[in-house]
Structure formats: structure tokens, C-alpha cells
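Reading the structure
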Amino acid sequence: MCSKSILTQLPAFPFLVTVNSVNKASEMWSNGLLSNYRYLLLLNHFGGRCFSDLGQYPIFPWVISPDLETIRDLSLPMGQLDKERAEHYDSTYENSHKYFYGCHYSQPNSVSWLLIRLPPFIYFQWDLNNGWDNSQRLFVSINDAYVSASKSNNMDLKELIPAIYTVPEIFTNSSHLVFSSSKIENISLPDWADRSPHYYVKVMTKALQSTDKLNEWIDLIFGYKQTGEFAVQNKNLFLPTSY
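Below, the structure is looked at part by part. Since we're looking at a predicted model, the values are computed, not measured. (Residues numbered from 1 in each chain as written. Predicted model: local features only at pLDDT ≥ 70, side-chain atom pairs only at ≥ 80, totals over all residues. Heavy atoms only, no water.)

1. Overview of the pattern of salt bridges
Defined as follows: Salt-bridge detection follows one rule: a side-chain nitrogen of Lys or Arg within 4 Å of a carboxyl oxygen of Asp or Glu. What counts as a helix is a DSSP run of H or I of at least four residues, what counts as a strand is a run of E of at least two, and both are numbered from the N terminus. Each residue is assigned to one of three classes by its accessible area relative to the maximum for its type, calculated with a 1.4 Å probe on protein chains only: buried under 20%, partly exposed between the two thresholds, exposed over 50%.
All chains considered together, the criterion is met by three salt bridges. With its nearest N and O atoms 2.9 Å apart, the salt bridge here joins R72 to E159. In this pair, R72 sits in the loop between α4 (36–46) and α5 (83–96) while E159 sits in the loop between α8 (142–152) and α9 (197–210), placing the two residues 87 residues apart along the sequence. Since its relative accessible area comes to 5%, E159 is described here as buried. As a salt-bridge pair, K235 and D90 come within 3.2 Å of each other at their nearest N and O atoms. Of the two residues, K235 sits in the segment after α11 (228–233) while D90 sits in helix α5, which places them 145 residues apart along the sequence. You can call K235 partly exposed: its relative accessible area is 27%.

This is the structure in C-alpha cells:
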């Protein structure tokens, strides 16, 4: 009974047990002993983020646009990727003197939005909206999600979650949910993916694992550019109540 109880409490990723400090994780990553994916999981773990808390859910970056045409500048927050939208946020800071963005890159509703086709996240979305949200606001296209977060929607700065790089099932209606239209049952993927979530995830994971600029994004999310003068210089300040 005792050993079974202990086993059920162990994290799903063994290296979260064997790597016992952020300094050790950074050393291993620098020496090529940890992949980008595993290093990010460890940084989320040591940063207090976990899969059981939607308010502090593990966060991963967009590293490339879903159509593979744009490599994301990982030194910039999502709100600075589009010059025209960045001007809007500059105005926000000039007026508030406290923050550039009136929303955050990681929110509970963003997690359940991305995972809406999988339980238990289905129920979180239903509880939030008293049923299905308006079909125009559901997660139906990965390209549209990127455009919204990087360019077109001033109230959308969402980064990604680990499942985008590991769980192809989030893109399909495997739970046989009844939507208002059959066209939105499954997530629309770029043409190059040939309607294969597994292939899409494989290519996205390769992009994540191969980027050599991940340290720049880490500085924004987990490092010295989170607060203070460096945050101001890098336009990385969010609504105070979101911290």
C-alpha cells in the first residue's frame, strides 16, 4: 500500500525528480543533456507552474507560425511582434505608466480554450460560458489562433501550452462533442499538415527542439526581463493584477 501510494504521487516526468534545482537544469541544458522541451518543463516546475492549476499552468512559446512562413522573434513578447499593434500597446503604457498590456499571456480560460476538445477541459469551458461559447470565439483554427495572438486581437497575447507539442488529440473531436457545425468539430490545420494532427505536432516539436533562441524567450517569461527596468526596456509589463 505504501509503495503504491508513493508511486501515484510521482510526477509523470521522471527527470522532474532527478533534476533537483534550476541551476542544475540550466547546466544540463547548456551541455546538451536536456532537450528544449524538457528544459521548459523544468523551468515551469521550478517557477511554480503545474498541470493541476489552470492559473499557473505550464507555458510554452510559439516558435514558428503554423504556416511555417514566419520564425517568431523570441526576444519579443507576443504584443511586440506586429509593429502596428505594438504602437497600441505603447500608447497604453504612456497613459498608465505601469503596463503595456491589459491582459496576460497565460490565463485559465486560455488553457481550457486550447484543450476544449478533451475532458475535463470541456466542462471548464461549459461552466465558464453556460454551454458552448459563440462559435466565432471557439478554438477552430491553429492559424487563426496565431494571427489573433500575434497580430489582430489587442486582447489576445496567449502563448502556448505543452500539449500543443505533444498531444495531437487536442486537434480532433475524439470525445464526439456535438458542435453547432460539423465544420468546427476538428481544428483546422495548415495545408502542409495534410489534415494530420500527428504530423503537425511532429513538425512543431522539431521547430521547438531545434531553435537556438529559446534563451531569449526564457529571459522574458522566467528571467531578468520579467520586472523592473529591464521589463520596461523590453516592453514586457502586464496589467499588475495579472501577476
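So much for the structure itself; the text now carries on.
2. Brief notes about the packing of aromatic side chains
As a reminder of what qualifies: Two aromatic rings, drawn from Phe, Tyr or Trp (for Trp, its six-membered ring), form a pair once their centres lie within 6.5 Å of each other, and the interplanar angle then sorts them: stacked below 30 degrees, edge-to-face above 60, tilted otherwise. Only lysine NZ and arginine CZ atoms are considered, and such an atom sits over a ring when it is within 6 Å of the ring centre and within 35 degrees of the ring normal.
Taken as a whole and assessed by the stated rule, the structure comprises 17 aromatic pairs. Measuring from ring centre to ring centre gives 5.4 Å for F51 and Y57, while their planes differ by 90 degrees; the resulting arrangement is edge-to-face. Note on F51: relative accessible area 42%, which makes it partly exposed. With 4.7 Å between their ring centres and 70 degrees between their planes, Y89 and Y101 make a pair best called edge-to-face. One end of the pair, Y89, is in helix α5; the other, Y101, is in the loop between α5 and α6 (108–114), with 12 residues separating them in the sequence. Given the relative accessible area of 0%, Y101 is considered buried. Three or more aromatic residues link up through ring pairs in this structure, and these residues are Y89, Y93, F100, Y101, Y105 and F238. Above the plane of the ring of W113 lies K158, whose end atom (NZ or CZ) is 4.3 Å from the centre.

3. Notes on the nonpolar core
Note on soluble globular proteins: their nonpolar side chains tend to be buried together. Here is the rule we go by: Buried Ala, Val, Leu, Ile, Met, Phe, Trp, Tyr and Cys residues form a nonpolar core when they are joined through side-chain atoms within 4.5 Å. Whether two residues touch is decided by their heavy atoms; if any such pair falls within 4.5 Å, the residues are in contact.
Counting residues in hydrophobic clusters, the biggest one holds 59 residues, and the most contacted among them are Y165 and F171. Counting only elements with at least two residues in this core, the list comes to α3 (22–30), α4, α6, α8, α9 and α10 (214–221). When neighbours within four sequence positions are excluded, F171 is seen to be in contact with F139, I142, I164, N186, I187, L189, P197, Y200 and V201. If you look at the next biggest cluster of nonpolar residues, it comprises six residues, including I116, I122, L138 and F179.

4. Quick notes on the packing of α3 against α4
Operational definition: As a rule, the C-alpha atoms of each element are fitted with a line to give its axis, helices using only the stretch in contact, and angles between N-to-C directions run from 0 to 180 degrees. Any angle that is under 35 degrees is reported as roughly parallel, and any over 145 degrees as roughly antiparallel; angles of 65 to 115 degrees are reported as roughly perpendicular and all others as oblique. Should the near helix be turned anticlockwise from the far one by less than a right angle, the crossing is termed left-handed; should it be turned clockwise, right-handed. Think of it as three bins: nonpolar holds Ala, Val, Leu, Ile, Met, Phe, Trp, Tyr, Cys and Pro, charged holds Asp, Glu, Lys and Arg, and polar takes everything else, Gly as well.
Put simply, α3 and α4 touch, their axes get as near as 10 Å, and they point 170 degrees apart. On the basis of their axis angle, the class for α3 and α4 is roughly antiparallel. When you trace α3 past α4, the crossing you get is left-handed. Contacts from V22, A25, S26 and W29 in α3 reach N36, Y39, L42, L43 and F46 in α4. Class assignment of the residues belonging to the contact of α3 with α4 gives a composition of seven nonpolar, two polar and no charged.

5. A look at empty space enclosed by the protein
Definition in use: Put simply, the grid is 1 Å and covers the protein atoms alone, a cavity is a trapped set of points that fit a 1.4 Å probe, a pocket is an open set with protein on both sides within 12 Å along at least five of seven lines, and lining residues have an atom within 4 Å of a point. Grid points are joined across faces, edges and corners, and a volume is the space filled by probe spheres set on the points.
Taken as a whole and judged by the stated rule, the model has two cavities of 30 Å³ or more. If you trace the largest cavity, you find it lined by Y57, P58, I59, Y105, S106, Q107, S110, V111, L114, E159, L160 and I161. Grouping the amino acids of the lining of the largest cavity by side-chain chemistry returns eight nonpolar, three polar and one charged. Counted as a void, the second largest cavity has a volume near 50 Å³. What lines the second largest cavity is P77, M78, Y105, L157, E159, L220, I221, N236 and F238. Classifying every residue of the lining of the second largest cavity gives seven nonpolar, one polar and one charged.

Distances and angles like these do not, on their own, reveal function.
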